[in-house]
Amino acid sequence: MSETTQTLFRACHLCEAICGLEIKTQGSEIVSIKGDNADPFSGGHLCPKAMALKDLQEDPDRLRKPVKRVGDNWQEITWQEALDEVARSLTDVQRQYGNDSVAVFAGNPNVHNYGNLTHGRLLRKALQTKSNYSATSLDQLPHHLIAYHLYGHQFLLPIPDIDHTDYMVIIGANPLVSNGSLMTAPNITRKLQQIQKRNGKFVVIDPRRTETAKAADEHHFIKPGSDVYLLLAIANYVFKSNKVNTAHLGDLLVGLGEVELAVADFSAELAASKTGVSAEIIEDIAENLINTKRAVLYGRMGISVQQYGTLCQWLINIINLVTGHTDVEGGAMFTSPAVAYVKKGAPGAGHFGKFRSRVSGLPEFGGELPSVALAEEMMTEGEGQIKAMVTIAGNPVLSSANGKQIDEAMENLDYVVAIDFYINETTRHANIILPPSSPLEHEHYDFAFLRLAVRDTTRINPAIFDKDNDALHDWQIYNKLSEKIAELKNNDFSPLPDPKHIVDWELKNGLYGQNHELNLSWEMLEANPHGIDLGPLKTSLKDRIATLSGNIELIIPECMQDLESLDKTIDTQDGKLLLIGRRHIRSNNSWMHNYQRLVKGKPHWQLFMHPDDLAARGIENGAEVTIKSRVGEVSTVVKATDEMMPGVISLPHGWGHQKAGVKAQVASQTQGVSCNDLTDETFYDAISGNAALNGVPVEVFNKAG
Ligand SMILES: Nc1nc2c(c(=O)[nH]1)N[C@H]1C(S)=C(S)[C@@H](COP(=O)(O)OP(=O)(O)OC[C@H]3O[C@@H](n4cnc5c(=O)[nH]c(N)nc54)[C@H](O)[C@@H]3O)O[C@H]1N2
Ligand SMILES: Nc1nc2c(c(=O)[nH]1)N[C@H]1C(S)=C(S)[C@@H](COP(=O)(O)OP(=O)(O)OC[C@H]3O[C@@H](n4cnc5c(=O)[nH]c(N)nc54)[C@H](O)[C@@H]3O)O[C@H]1N2
Ligand code: SF4
Ligand SMILES: [Mo]
């Protein structure tokens, strides 16, 4: 390896903000990582996780070669041996128990690695299994489902036009820490400050006074899981005050009258009793949404990953539509990306309920079943039982509801293979682990997140290092493994070219390609290493709406049904503590705790609880407590903070690395416990089957002994 010094520009792929970075290397070492000031989108912004790209690259625990489990040990084997054995074992299971007996779980980093997006489907196609699961149903499934119903394509997702809005309501999101989600917006702090600088306001509704709430003009505590009442009351207020403003989309909206009727029973007073947000505040928010020309309502994890996730997303869309804030400047807009532009006829629109899970009858969406069904499908005997599993860039043992149950169920599978470069809480169950090249060893184009960005931009990301000669990129693993599986099943197979070629083709044939003055191509973007600005979000829905009728049909039967089941009586408090999650700027889901620079310093995995709730139970600040839910219990340290709404406690997910067999020297020494040993697989959004990881009823007491 030469010791030459290089400076390369590449976007960070760790979260949705995709900050441009300047990475300096000497030989095979990274000597510095800084924000790329010339990136037209991120303008030099970065967060503490960017430096962890170096740790990831250098981590001795990161697997470089395929390994096979022999007893409690792992043995390196060749790619040939590994791929042959995996293909043979999976097809053997399928021959004996049927195609659906092999499940696939695809985790979050799939979306951050373009080769997984372009090539992942090869493996599913080769396996011909209906047992597909992913992190989508622990996360944003309600957004896709509503976009599919209202706009006709799961990826016609409205994104807040944060750069131009004057009033933004953020409900159940903490972008100052998450750096934005379904809202790619590097340096979100600045973007929110800019709202205030132009005399606008942003309001946060959250059961915790979060980092974002502290920076907001207003913060209102809300009881977890009750948001649906607040949204219904806002929608009702708009209709009742005759302020429906359907702006330019008016002729597309079908079902306004039915929506008006459906929300009519939900007053601000009822909402106040359910949510803890006063009727005056609810009406004030509604008034501001009505009267501010450029305004937007935005909701994320906190209201998608809860009991009424789909209803909440439906109502958010309804409110933005009826207050005239959809597809207009400063409102909820649709992106016009250079790759994977969505319009009528674009592939992958989605489908819903074409088949159902075997045990609980949960609906598929886009060919995937809800992750809450995964464990029972492994544990319930009978035709179609899951007997083997492929996990790809995921860790459902720590990230799924009742992860402990998944852990136990995986123990009894006949065969497990993981495409991952860590031996984590899930992949330790694998018979064989197939580790792809590291993210910095391949090129990348962020078509998933450029499609969700608050401004249209484009950039390619070069590889920083060459991969080892005998290493494989994720997409190469899919090509090779799928080919072997297809061969054993006597099916046709054609490999896909390098994802770079696919993106190049898309760039050339996309909005800004051959028929546009920019004439984008991979090569052209290589010559523009900081990326190219494509301008602010543009009004475009009328030309793109992808529904069969060409209209926005507001009434979704499943939403009407769920609405019917809502309790319409004034609430009396039931006194149970409700558990919610929490993210931290130095942590990322389950997989970045093996980097000393991110886990050192003050711990951030404690249970947060209001001082009054501690006092009521005779618990001291800093004590060891036990938290108990229907499915299990964990013990950890409690931290008293009036950041929490009384009655609500918060524990972050992704911790719990002390399990035997995990090969992560630093992470194994951390003390955080897994919040998903408490979340409940029977607690989910009835419409979509998305997990309800927020608002889980629990008890807390002093740890015995
Ligand atoms: N209680 C609770 N639970 C939650 C959440 C919550 O808020 N509360 N959040 C949920 C959400 S939003 C999500 S998205 C999920 C995330 O949970 P998962 O989908 O399980 O994802 P990660 O924990 O990020 O898993 C990362 C794994 O991917 C591997 N990996 C990283 N990059 C690559 C790559 O390029 N290729 C391959 N093959 N592997 C790679 C890592 O080594 C690691 O093992 O957790 C969910 N779980
Ligand atoms: N640093 C860091 N950044 C990340 C990640 C990470 O793990 N760490 N994960 C990435 C991923 S995979 C995702 S999906 C995004 C998520 O991005 P966000 O959704 O912005 O992140 P969260 O911190 O989960 O924010 C959810 C908020 O909802 C609140 N909440 C919980 N329950 C309720 C409720 O019932 N009602 C209301 N109104 N609020 C509620 C919580 O207190 C929390 O503040 O972040 C991404 N970015
Ligand atoms: S905010 Fe941090 S983790 Fe996210 S893309 Fe930027 S540098 Fe990476
Ligand atoms: Mo996520």
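Residues numbered from 1 in each chain as written. Chains lettered and ligands numbered in written order. Predicted model: local features only at pLDDT ≥ 70, side-chain atom pairs only at ≥ 80, totals over all residues. Heavy atoms only, no water.

K.L.:
Can you break down the pattern of salt bridges residue by residue, with the values?
P.N.:
Counted according to the given criterion, the structure contains 36 salt bridges. In this structure, the salt-bridge partner of lysine 24 is glutamate 22, at a minimum N-O distance of 3.3 Å. A salt bridge links lysine 54 to glutamate 29, with the shortest nitrogen-to-oxygen separation between them at 3.6 Å. Of this pair, lysine 54 sits in helix α1 (residues 52-58) while glutamate 29 is found in strand β3 (residues 29-35), placing the two residues 25 residues apart along the sequence. By relative accessible area, which is 14% here, lysine 54 ends up buried. Each member of the salt-bridge network shares a partner with another, and the members are Asp166, Arg198, Arg294 and Glu329. (Salt bridge = Lys/Arg side-chain N within 4 Å of Asp/Glu carboxyl O. Helix = DSSP H or I, 4+ residues; strand = E, 2+ residues; numbered from the N terminus. Buried < 20%, exposed > 50% of the residue type's maximum accessible area, 1.4 Å probe, protein only.)

K.L.:
Please provide a residue-by-residue account of the sheet that holds strand β13 (residues 295-299), values included.
P.N.:
Strand order in the open sheet formed by four strands is β11-β10-β9-β13, with parallel pairing between adjacent strands. Of all strands in the sheet, those with a lone pairing partner are β11 (218-220) and β13, marking the two edges. For this sheet the average axis-to-axis angle between neighbouring strands, irrespective of direction, equals 15°. Bridge count between strand β9 (residues 167-171) and strand β10 (residues 201-205): five bridges; the pairing is parallel. Bridge pairing links isoleucine 171 to isoleucine 205 in β10. (Pairing = 2+ DSSP bridges. Axes fitted to C-alpha atoms, helices over the stretch in contact; angles between N-to-C directions.)

K.L.:
Pulling in residues and values, what's your account of helix α6 (residues 188-197)?
P.N.:
Among the residues making up α6, those that are buried are Ile188, Lys191, Leu192 and Ile195. Across the axial projection of α6, the buried residues extend over an arc of 95°, all falling on one side. Trailing α6 by a residue or two, asparagine 199 shows a phi angle of about 65°, which is positive. (Arc of directions from axis to C-beta.)

K.L.:
With reference to specific residues and values, describe the site of ligand 3.
P.N.:
The environment of ligand 3 is formed by Cys12, Leu14, Cys15, Ala17, Ile18, Cys19, Leu46, Cys47, Lys49, Ala50 and Asn179. Residue classes in the shell around ligand 3 are distributed as nine nonpolar, one polar and one charged. (Near = heavy atom within 4 Å. Nonpolar A, V, L, I, M, F, W, Y, C, P; charged D, E, K, R; others polar.)

K.L.:
Tell me about the site of ligand 2, and name the residues and values.
P.N.:
The local shell around ligand 2 holds 32 residues, among which Ser178, Asp206, Asp227, Arg583 and Ser587 are the closest. Valine 177 is positioned with one of its backbone polar atoms (N or O) 3.3 Å from a nitrogen atom of ligand 2. Here histidine 584 contributes a backbone N or O atom positioned 2.8 Å from a nitrogen atom of ligand 2. Surface burial for ligand 2 is 97%, taken as the share of its 920 Å² of free accessible area covered by protein chains. Secondary structure elements with two or more residues in the shell around ligand 2: α5 (175-178) and α12 (301-304). Inspection of the shell around ligand 2 shows a minimum of three residues originating in each of domain 3 (141-338 + 542-565) and domain 4 (577-702). (Polar contact = N/O pair within 3.5 Å; in protein donor to acceptor, adjacent residues only side chain to side chain. Areas by Shrake-Rupley, 256 points an atom, 1.4 Å probe, with all protein chains shown as cover. Domains from an automatic or database assignment.)

K.L.:
Break down the pairing of β9 for me, citing the residues and quoting the values.
P.N.:
The element β9 is extensively covered by neighbouring structure, given that five of its five residues are classed as buried. Along β9, one buried face is formed by Tyr167, Val169 and Ile171 and the opposite face, lined by Met168 and Ile170, is buried too. Here β9 runs beside β13; their pairing, made up of five bridges, is parallel. Paired with valine 169 across the bridge in β13 is leucine 297.

K.L.:
Kindly report on the domain arrangement of the protein, identifying the contributing residues and their values.
P.N.:
If you check the domain split of the protein, you get domain 1 (5-58), domain 2 (67-129 + 370-444 + 460-491), domain 3 (141-338 + 542-565) and domain 4 (577-702). Just the C-alpha atoms count here: the centres of domain 2 and domain 4 sit 28 Å apart. For domain 2, the biggest contributors to the area lost against domain 4 are Val372, Leu398 and Tyr422; these three give 30% of the whole. Counting across the interface, domain 2 meets domain 4 through one salt bridge. Where lysine 659 meets aspartate 407, a salt bridge forms, and the shortest distance between an N and an O atom there is 3.6 Å. Where domain 2 meets domain 4, there are 12 residue pairs in polar contact (both at pLDDT 80 or more). (Buried area = accessible area lost by both parts, 1.4 Å probe.)

K.L.:
Can you explain the side chain of arginine 544? Please cite residues and give values.
P.N.:
Mapped onto the elements, arginine 544 comes out in helix α21 (residues 541-544). Despite its burial, arginine 544 pairs with no opposite charge, the nearest such side chain being aspartate 327 at 6.6 Å. A distance of 3.1 Å separates the side chain of arginine 544 from the side chain of tyrosine 341, its partner in a polar contact. A polar contact of 2.9 Å, which involves the side chain of arginine 544, links it to the backbone oxygen of valine 342. In this structure, arginine 544 is in contact with Leu156, Phe334, Thr335, Ser336, Tyr341, Val342, Lys343 and Lys344, ignoring residues within four places of it in sequence. (Lys, Arg positive; Asp, Glu negative; His and termini not counted. Contact = heavy atoms within 4.5 Å.)

K.L.:
Any chance you could break down the packing of helix α2 (residues 79-97) against helix α18 (residues 474-488) for me, citing the residues and the numbers?
P.N.:
Helices that pack against each other are described as a pair by the angle of their axes relative to one another and the distance between those axes. Interhelical geometry of α2 versus α18 gives an angle of 45° and a closest axis separation of 9 Å. Considering the angle they form, α2 stands oblique to α18. Handedness of the crossing formed by α2 with α18: right-handed. In contact with Trp79, Gln80, Leu83, Asp84, Val86, Ala87, Arg88, Leu90, Thr91 and Arg95 of α2, α18 contributes Ile477, Lys480, Leu481, Lys484, Ile485 and Leu488. (Parallel < 35°, antiparallel > 145°, perpendicular 65-115°, else oblique. Left-handed = near helix turned anticlockwise from the far one by under 90°.)

K.L.:
Could you give an account of helix α4 (residues 141-151), with specific residues and numbers?
P.N.:
Where burial is concerned, most of α4 is hidden: nine out of the 11 residues are buried. For α4, every residue scored as buried is listed here: Leu141, Pro142, His143, His144, Leu145, Ile146, Ala147, Leu150 and Tyr151. Looking one or two places after α4, you find glycine 152, whose phi comes out positive at around 90°.

K.L.:
Please provide a residue-by-residue account of the packing of aromatic side chains, values included.
P.N.:
Enumeration according to the criterion identifies seven aromatic pairs in this entry. Note on tyrosine 229 and phenylalanine 266: the rings are 6.3 Å apart at their centroids and 55° apart in plane angle, and the pair reads as tilted. A residue pair is termed long-range when its members are at least 10 positions apart, and tyrosine 229 in helix α8 (residues 227-240) and phenylalanine 266 in the loop between α9 (256-263) and α10 (268-275) qualify at 37 residues. Residue classification places tyrosine 229 among the buried positions, given a relative accessible area of 7%. Their ring planes at 80° and their centres at 5.8 Å tell us that phenylalanine 421 and tyrosine 422 sit as a pair that is edge-to-face. Accessibility assignment for this pair places phenylalanine 421 and tyrosine 422 in one class, buried. By the ring-pair criterion, three or more aromatic residues cluster together here, those being Tyr148, Phe352 and Phe365. Cation over ring: lysine 130 sits above phenylalanine 355, and NZ or CZ is 5.8 Å from the ring centre. Here the guanidinium or amino end of arginine 582 rests over the ring plane of phenylalanine 608, the centre of that ring lying 3.4 Å away. (Phe/Tyr/Trp six-rings, centres within 6.5 Å; stacked < 30°, edge-to-face > 60°. Lys NZ or Arg CZ within 6 Å of the ring centre and 35° of its normal.)

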